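Each chain, written out:
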Amino acid sequence: KKENIHLKNKLNQNFNRENIIGSSAAMIALLDTVELAAPSDANILITGGSGTGKELIANAIHYNSPRKDMTFIRINCAAITETLLESELFGHERGSFTGADKKRKGRFLQAHGGSILLDEIGEMSLAMQAKLLRVLQEKEITPVGSEESIKVDVRVIASTNRDLKKMAEEGLFREDLYFRLNVVTLEIPPLSDRSEDIPSLALHFLKLFSEKNRRDIKGFTPEAMDAMIRYGWPGNVRELMNCIERAVVLARSDYLSLDDLPFAAELNSSN
């Protein structure tokens, strides 16, 4: 498993800013900051709505850092129950809780020398936040059921679609942890704020899904492209990607038209 993780990471080592599509002023400013922050060892907080591409930016940071040859671990804090998250992050000793039939190395130890992405950090409980804060301060972890601490060298990248500053003011997120994570903040703009990037993103996804689904779709009609530029995209880049994949699969002609777009009816009703 470790070899498989390492090989997957090696495939991504040529990652660079050209892999991120976007020539709008907002994206250029974001990528300029990524380029400055990536070589450092500072903790990074990536904010932005769902579907904006936070993990893509996290990849850019790791694979443009001195840690790029080491492991990059990704954890979705919202997808793991609180009782299991501590074990997932820090590991556990055999017999430390029901079902712990063998010793397990946690994700922080697996990422030693590399980076870890804590996605949806805003969903982490206050109790877990306190334990994470200690890791950031002391640079060491304590596996569940163990009395011994282990030194770790891990760069932490956190991402969230929530307002952590406001949560901290309301007592829902530890203020000290917020400042520890918030050394460099990268805010990804919603797709509605960079509509000039939609044509290049749409063409990229069209090529990707045409090849994947063995379809020979040549492009978009002018009406379809205009509609995509005018649409609000509440689901951001992820919604655009899903929309084009669906349109490619169900297309009846060589060019995607307005009728192929799932939001066409919504646009027509608002006109």
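Summary of the structure given here.

Procedures and definitions
- Residues numbered from 1 in each chain as written.
- Predicted model: local features only at pLDDT ≥ 70, side-chain atom pairs only at ≥ 80, totals over all residues.
- Heavy atoms only, no water.
- Buried < 20%, exposed > 50% of the residue type's maximum accessible area, 1.4 Å probe, protein only.
- Helix = DSSP H or I, 4+ residues; strand = E, 2+ residues; numbered from the N terminus.
- Pairing = 2+ DSSP bridges.
- 1 Å grid on protein atoms, 1.4 Å probe; cavity = no way out; pocket = protein on both sides within 12 Å on 5 of 7 lines; lining within 4 Å.
- Points joined across faces, edges and corners; volume = space filled by probe spheres on them.
- Nonpolar A, V, L, I, M, F, W, Y, C, P; charged D, E, K, R; others polar.
- Salt bridge = Lys/Arg side-chain N within 4 Å of Asp/Glu carboxyl O.
- Arc of directions from axis to C-beta.
- Patch = residues over 30% accessible without salt bridge, like charges linked within 9 Å, V, L, I, M, F, W, Y side chains within 5 Å.
- Areas by Shrake-Rupley, 256 points an atom, 1.4 Å probe, with all protein chains shown as cover.
- Lys, Arg positive; Asp, Glu negative; His and termini not counted.
- Charge placed at Lys NZ, Arg CZ, Asp CG, Glu CD.
- Axes fitted to C-alpha atoms, helices over the stretch in contact; angles between N-to-C directions.
- Contact = heavy atoms within 4.5 Å.
- Core = buried A, V, L, I, M, F, W, Y, C linked by side-chain atoms within 4.5 Å.

### A closer look at the pairing of strand 1 (residues 44–47)
Side-chain alternation along strand 1 places I44 and I46 on one buried face and L45 and T47 on a second face that is also buried. Pairing analysis gives 4 bridges linking strand 1 to strand 8 (residues 155–160), with the strands arranged parallel. Residue pairing across strands places I46 opposite S159, the latter belonging to strand 8. Pairing of strand 1 with strand 9 (residues 184–187), which is carried by 4 bridges, proceeds in the parallel orientation. Bridge assignment links I46 to a residue of strand 9, and that residue is L186.

### A closer look at empty space enclosed by the protein
Under the defined criterion, the tally for this structure stands at 1 cavity of 30 Å³ or more. As a volume, the largest cavity reaches approximately 40 Å³. Considering the residues around the largest cavity, the lining is formed by F108, V135, L136, K139, V152, V154 and V156. Taken together, the residues that form the lining of the largest cavity break down as 6 nonpolar, no polar and 1 charged.

### A few points about the pattern of salt bridges
Under the counting rule described, the total for this entry stands at 16 salt bridges. Between E88 and R107 there is a salt bridge, with the nearest N and O atoms lying 3.0 Å from each other. One end of the pair, E88, is in helix 4 (residues 82–90); the other, R107, is in helix 5 (residues 107–110), and 19 residues separate them in sequence. When its relative accessible area of 12% is taken as the criterion, E88 is described as buried. One connected set of salt bridges, linked through shared partners, spans D41, R67 and D153.

### A word on helix 10 (residues 222–230)
Within the sequence span of helix 10, burial applies to A224, M225, A227 and M228. Seen end-on, helix 10 carries its buried residues on one side only, within an arc spanning 160 degrees.

### Focus: a negative patch on the surface
Together, D163, E169, E170 and E175 give the surface a local cluster of negative charge. Within the secondary structure, E169 is located in helix 7 (residues 164–169). For E169, a relative accessible area of 63% translates into the label exposed.

### Examining the sheet that holds strand 5 (residues 115–119)
Spatial strand order, 2-5-8-1-9: 5 strands in an open sheet with parallel pairing. Looking along the sheet, the strands with just one partner apiece sit at the ends: strand 2 (72–76) and strand 9. In this sheet, adjacent strand axes meet at a mean angle of 20 degrees when their direction is disregarded. Against the sheet, helix 2 (residues 25–37) touches strand 1, strand 8 and strand 9, its axis set at about 150 degrees to strand 9.

### Remarks on the nonpolar core
The biggest cluster of nonpolar side chains holds 29 residues, and the ones touching the most others in it are L89, F108, I116, L118 and I121. Of all the secondary structure elements, the ones that give two or more residues to this core are strand 2, helix 4, strand 5, helix 6 (126–138), strand 8, helix 7 and helix 8 (175–181). For this core, the leading source of residues is helix 6, giving 5 residues. Counting 25 residues, the second largest nonpolar core, distinct from the first, contains F205, I217, V237 and L240.

### Digging into the environment of A58
Tracing the sequence through the fold places A58 in helix 3 (residues 54–63). Separated by 174 residues in sequence, A58 and G232 have C-alpha atoms that sit 25 Å apart. Look past the residues within four positions of A58 in its chain and what remains in contact with it is I46, F72, L117 and I157.

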